[in-house]
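One-letter residues, chain by chain:
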Amino acid sequence: MPNNIIVDFLNLPQVQVKETKALPDKICEIHLVQERNQLICSECKNPVTGTYGGRQLRIRDLGIFEHKTYLVIYKFRIKCFLCGIKAQELSFNEPYSRCTVRFEDYVARLCRLMSVTAVAQLLELDWKLVKRIDKKYLKKEFDKIDCRELRFIAVDEVASKKG
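This report concerns the structure included in the present document.

Rules behind the numbers
Residues numbered from 1 in each chain as written. Predicted model: local features only at pLDDT ≥ 70, side-chain atom pairs only at ≥ 80, totals over all residues. Heavy atoms only, no water. Patch = residues over 30% accessible without salt bridge, like charges linked within 9 Å, V, L, I, M, F, W, Y side chains within 5 Å. Areas by Shrake-Rupley, 256 points an atom, 1.4 Å probe, with all protein chains shown as cover. Salt bridge = Lys/Arg side-chain N within 4 Å of Asp/Glu carboxyl O. Lys, Arg positive; Asp, Glu negative; His and termini not counted. Charge placed at Lys NZ, Arg CZ, Asp CG, Glu CD. Helix = DSSP H or I, 4+ residues; strand = E, 2+ residues; numbered from the N terminus. Buried < 20%, exposed > 50% of the residue type's maximum accessible area, 1.4 Å probe, protein only. Polar contact = N/O pair within 3.5 Å; in protein donor to acceptor, adjacent residues only side chain to side chain. Contact = heavy atoms within 4.5 Å. Phe/Tyr/Trp six-rings, centres within 6.5 Å; stacked < 30°, edge-to-face > 60°. Lys NZ or Arg CZ within 6 Å of the ring centre and 35° of its normal. Axes fitted to C-alpha atoms, helices over the stretch in contact; angles between N-to-C directions. Parallel < 35°, antiparallel > 145°, perpendicular 65-115°, else oblique. Left-handed = near helix turned anticlockwise from the far one by under 90°. Nonpolar A, V, L, I, M, F, W, Y, C, P; charged D, E, K, R; others polar. Expected span 1.5 Å × (residues − 1). Arc of directions from axis to C-beta.

Notes on a positive patch on the surface
Part 1 of the reasoning: On the surface, K128, K131, R132, K135 and K139 cluster together to form a positively charged patch.
Part 2 of the reasoning: The topology assignment puts K135 in helix α4 (residues 127-142).
Part 3 of the reasoning: Exposure remark for K135: the relative accessible area of 52% places this residue in the exposed category.

Regarding the side chain of Q88
Part 1 of the reasoning: Position of Q88 among the secondary structure elements: in the loop between β7 (84-87) and α2 (101-113).
Part 2 of the reasoning: For Q88, a relative accessible area of 4% corresponds to the buried category.
Part 3 of the reasoning: A polar atom in the side chain of Q88 sits 2.7 Å from the side chain of Q34.
Part 4 of the reasoning: If sequence neighbours within four positions are ignored, Q88 has contacts with Q34, L39, Y74, K75, F76 and I78.

Details of the packing of aromatic side chains
One pair of aromatic rings is described through two measures. These are the centre distance and the angle between the planes.
Part 1 of the reasoning: A complete count under the given rule lists one aromatic pair for this structure.
Part 2 of the reasoning: Taking 5.1 Å as the distance between ring centres and 70° as the angle between the ring planes, the aromatic pair formed by Y74 and F76 counts as edge-to-face.
Part 3 of the reasoning: On the basis of relative accessible area, Y74 is assigned to the partly exposed category, the value being 36%.
Part 4 of the reasoning: What makes F76 buried here is its relative accessible area of 8%.
Part 5 of the reasoning: R58 extends its terminal NZ or CZ atom over the ring of Y70, reaching a point 3.8 Å from the ring centre.
Part 6 of the reasoning: Sitting above the plane of the Y137 ring, K140 keeps its charged end 4.7 Å from the centroid.

Quick word on the packing of α2 against helix α3 (residues 116-123)
Part 1 of the reasoning: Between α2 and α3, the shortest axis-to-axis distance is 9 Å and the interhelical angle comes to 135°. As the angle between them shows, α2 and α3 are arranged oblique. α3 is crossed by α2, and the crossing has right-handed handedness. Across the interface between the two elements, F103, Y106, V107, L110 and C111 of α2 pack against V119, L122 and L123 of α3.
Part 2 of the reasoning: Grouping the constituent residues of the contact of α2 with α3 by class yields eight nonpolar, no polar and no charged.

Quick word on α2
Part 1 of the reasoning: The first and last C-alpha atoms of α2 sit 19 Å apart over 13 residues, in line with the 18 Å expected at 1.5 Å per residue.
Part 2 of the reasoning: Every buried residue belonging to α2 is among F103, E104, V107, A108, L110 and C111, and all of these are buried. All buried residues of α2 lie within an arc of 160° about the axis, which places them on one face of the element. When the buried face of α2 is taken as reference, the exposed residues oriented beyond 90 degrees from it are R112 and L113.
Part 3 of the reasoning: Buried residues in α2 make contact with β5 (50-64), α3 and α4.

Digging into a nonpolar patch on the surface
Part 1 of the reasoning: On the surface, L138, F142 and I145 cluster together into a nonpolar patch covering about 310 Å² of accessible area.
Part 2 of the reasoning: Relative to the helices and strands, L138 is located in helix α4.

Comments concerning unusual backbone geometry
Glycine aside, residues mostly have negative phi angles, and peptide bonds mostly take the trans form.
Part 1 of the reasoning: Located in the positive-phi region is D25, a residue other than glycine, with phi close to 65°.
Part 2 of the reasoning: With respect to the helices, strands and loops of the structure, D25 is situated in the loop between β1 (16-23) and β2 (27-33).
Part 3 of the reasoning: Of the residues examined, D25 reaches a relative accessible area of 68% and is grouped as exposed.
Part 4 of the reasoning: In this structure, K26 is a non-glycine residue whose phi angle is positive, near 55°.
Part 5 of the reasoning: Among the structural elements, K26 can be located in the loop between β1 and β2.

Next up, the structure:
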């Protein structure tokens, strides 16, 4: 069984699996590595060879069976000839997010069926994070509302005093 089967199943084209760890409390960490010759500038999308440090990220992903899953990857700061020093772009993670795109999509789909508090308890997340993810996806969905077919606006109740 090849080592890259995890990458194929998780649809992570930019990286290779270095190791996997099963930690206590049903936590699974998948440590990922990437080659420096595949780095792309987040602004101009040009290939870049120079790096300028970076940091290790622990990104929450969809669970594997009953295990909470985290992707651990070193995210580079890159030197782009056109843009200067920028953060590396990862296809599976949005900037400043500690969750993968597919995990955020899963949280947003659960928020359609359940309350924010219930989703936070189910996935063992802070409710503020769940609220932030839900708000982001609601903005995407309802950002542009088509009002061309609108004919009437009705008012249900009118109050003349407070209360």
